[in-house]
Amino acid sequence: MKHCRVVGPLWAAAKHPAYAGRPLFVVQPIDERGADAGTSFVAIDHVQAGVGDRVLVLTEGNGVRQILKMGDIVPIRSVIVGIVDHVET
Amino acid sequence: MVPDAVLRCAAMYLGIVKGTVVAERKAAGLEGKKLLLVQPVDEHRKPTGDLQAAVDTVQAGVGDLVYLVGSREAALACDPWFVPVDAAIVGIVDGIDAP
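It should be emphasised that the depicted structure is a prediction, and the values quoted were computed from it without experimental measurement.

Undergrad: Please explain the overall build of chain A as it appears in this structure.
TA: Along chain A, the regular secondary structure elements total one helix and five strands. Here the C-alpha atoms of chain A give a radius of gyration of 13 Å, agreeing with the 12 Å that 2.2 N^0.38 yields for 89 residues. Projected onto the principal axes, the alpha-carbon positions of chain A cover approximately 40 × 25 × 20 Å. Buried residues in chain A amount to 39% of all 89 residues.

Here you go:
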């Protein structure tokens, strides 16, 4: 899982049917202090995250399929699965 | 820090369609699949990696901002799903609310 910050929502009318009704966000990987660490990417939301939240993003397909319970043929790879309250360093 | 190439392969990401790839001879399973050349970008449309060829599942066109899924899940976006691809365009972005 990656530690990320939610940058903002994105909208797409034309999309693969598996993405229908699922909120999409751009997320930015961050380090333990909250500084940007790497390139932003896209994830669907499973925990009602909001813009600016620090979140955990699952980026492994098999775990995603178990969470979404949509069967075995699901072309989704990144899902926001937790909201981080704080990180102790 | 994770190298861009690893991240590109590991998640879902944004890209801008730069062109169409025409390939007459392709591996079995890729017949009839539309291939587009895509530049991965961030939320500000700034390029973030190397151009790559991706299968299109949403009738995207040149210039469109799209999002892609990589790795094995790219094949799962196709029908039939057991095809040798590692990037698939799965949506055309209408807008991003990013500061």
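This is not the end of the story, as more comes after the structure.
Undergrad: Would you explain the pairing of strand β3 (residues 41-45) of chain A in this entry?
TA: Across a regular strand the side chains alternate sides, sitting on one face of the sheet and then on the other. Residue and element names in this part refer to chain A. Counting buried residues in β3 gives four out of five residues, a clear majority hidden from the surface. Pairing of strand β2 (residues 24-29) with β3, which is carried by four bridges, proceeds in the antiparallel orientation. Considered in β3, the bridge of F25 is made with A43. One ladder, built from two bridges, connects β3 with strand β5 (residues 79-83); its direction is parallel. Bridge pairing links D45 to I80 in β5.

Undergrad: What is the right way to look at the interface of chain B and chain A in this model?
TA: By convention, interface size is frequently given as the accessible area that disappears when the constituent parts associate. Across the boundary between the two partners, chain B contributes 36 residues, which contact 27 residues of chain A. Listing elements by their share of the side of chain B that touches chain A, those giving two or more residues are α1 (4-10), β1 (12-21), β4 (65-70), α2 (72-76), β5 (87-92) and β6 (95-96) of chain B. Across two bridges, the pairing between strand β1 (residues 2-11) of chain A and β6(B) is antiparallel. In the strand pairing of β6(B), A:W11 is matched with B:G95.

Undergrad: I keep staring at the environment of A:P75 and nothing clicks. Help me out?
TA: Summarising the element assignment, A:P75 is placed in the loop between α1 (61-68) and β5. In sequence terms A:P75 and A:Y19 are 56 residues apart; their C-alpha atoms lie 8.7 Å from each other. Other than its neighbours up to four places away in sequence, A:P75 contacts A:H16, A:A18, B:V69, B:E73, B:A74, B:L76, B:A77, B:A88 and B:V90.

Undergrad: Whenever I open this one, the confidence of the model for chain B confuses me. Can you help?
TA: Detailed reading of the predicted coordinates is not advisable wherever pLDDT is low. With 90% of its residues at a pLDDT of 70 or more, chain B shows a mean pLDDT of 87. The complex model carries a pTM of 0.86, and its ipTM stands at 0.85.

Undergrad: What is the right way to read the environment of B:G15 from this model?
TA: Residues and elements named next belong to chain B. Note that G15 resides in strand β1. In this structure the C-alpha to C-alpha distance between G15 and V66, which are 51 residues apart in sequence, comes to 5.3 Å. Residues within four places of G15 in sequence aside, it is in contact with V38, Q39, P40, V41, V66 and L68.

Undergrad: Sorry, what's going on with the nonpolar core here?
TA: The nonpolar side chains of a soluble globular protein tend to be buried, and buried together. A:V27, A:V42, B:V66, B:Y67, B:L68, B:A88 and B:I89 are the most contacted members of the largest nonpolar core, which has 52 residues in total. Contacts of A:V42, omitting those with residues within four sequence positions, involve A:L10, A:L24, A:V26, A:S78, B:M12, B:Y13, B:L14 and B:Y67.

Undergrad: Could you clarify how one ought to interpret the confidence of the model for chain A in this entry?
TA: Residue-level pLDDT values for chain A average 93, and 100% of them are 70 or greater. The spread of mean pLDDT over the elements of chain A runs between α1(A), the lowest at 89, and β2(A), the highest at 96.

Undergrad: Even after reading the chapter, I still don't get the environment of B:D97, so can you show me in this structure?
TA: Within the secondary structure, B:D97 sits in the segment after β6. For B:D97, a count of 13 C-beta atoms within 10 Å translates into the label partly exposed. Non-local contacts of B:D97, meaning those with residues more than four positions away in its chain, are made with A:G8 and A:P9.

Undergrad: Please explain unusual backbone geometry as it appears in this structure.
TA: Backbone geometry follows two general trends: most residues other than glycine have a negative phi, and most peptide bonds adopt the trans configuration. Between B:D79 and the following residue, B:P80, the backbone shows a cis peptide bond with an omega angle of 0°. Looking at where B:P80 falls in the secondary structure, it is placed in the loop between α2 and β5. In this model, A:K69 sits at a positive phi of 50°, which is unusual for a non-glycine residue. Turning to its location among the elements, A:K69 is positioned in the loop between α1 and β5.

Rules of the game
- Residues numbered from 1 in each chain as written.
- Chains lettered and ligands numbered in written order.
- Predicted model: local features only at pLDDT ≥ 70, side-chain atom pairs only at ≥ 80, totals over all residues.
- Helix = DSSP H or I, 4+ residues; strand = E, 2+ residues; numbered from the N terminus.
- Rg over C-alpha atoms; globule rule 2.2 N^0.38 Å.
- Buried ≥ 20, exposed ≤ 12 C-beta atoms within 10 Å, placed from the backbone.
- Pairing = 2+ DSSP bridges.
- Contact = placed C-beta atoms within 7 Å.
- pLDDT = per-residue confidence, 0-100.
- Core = buried A, V, L, I, M, F, W, Y, C linked by C-beta atoms within 7 Å.

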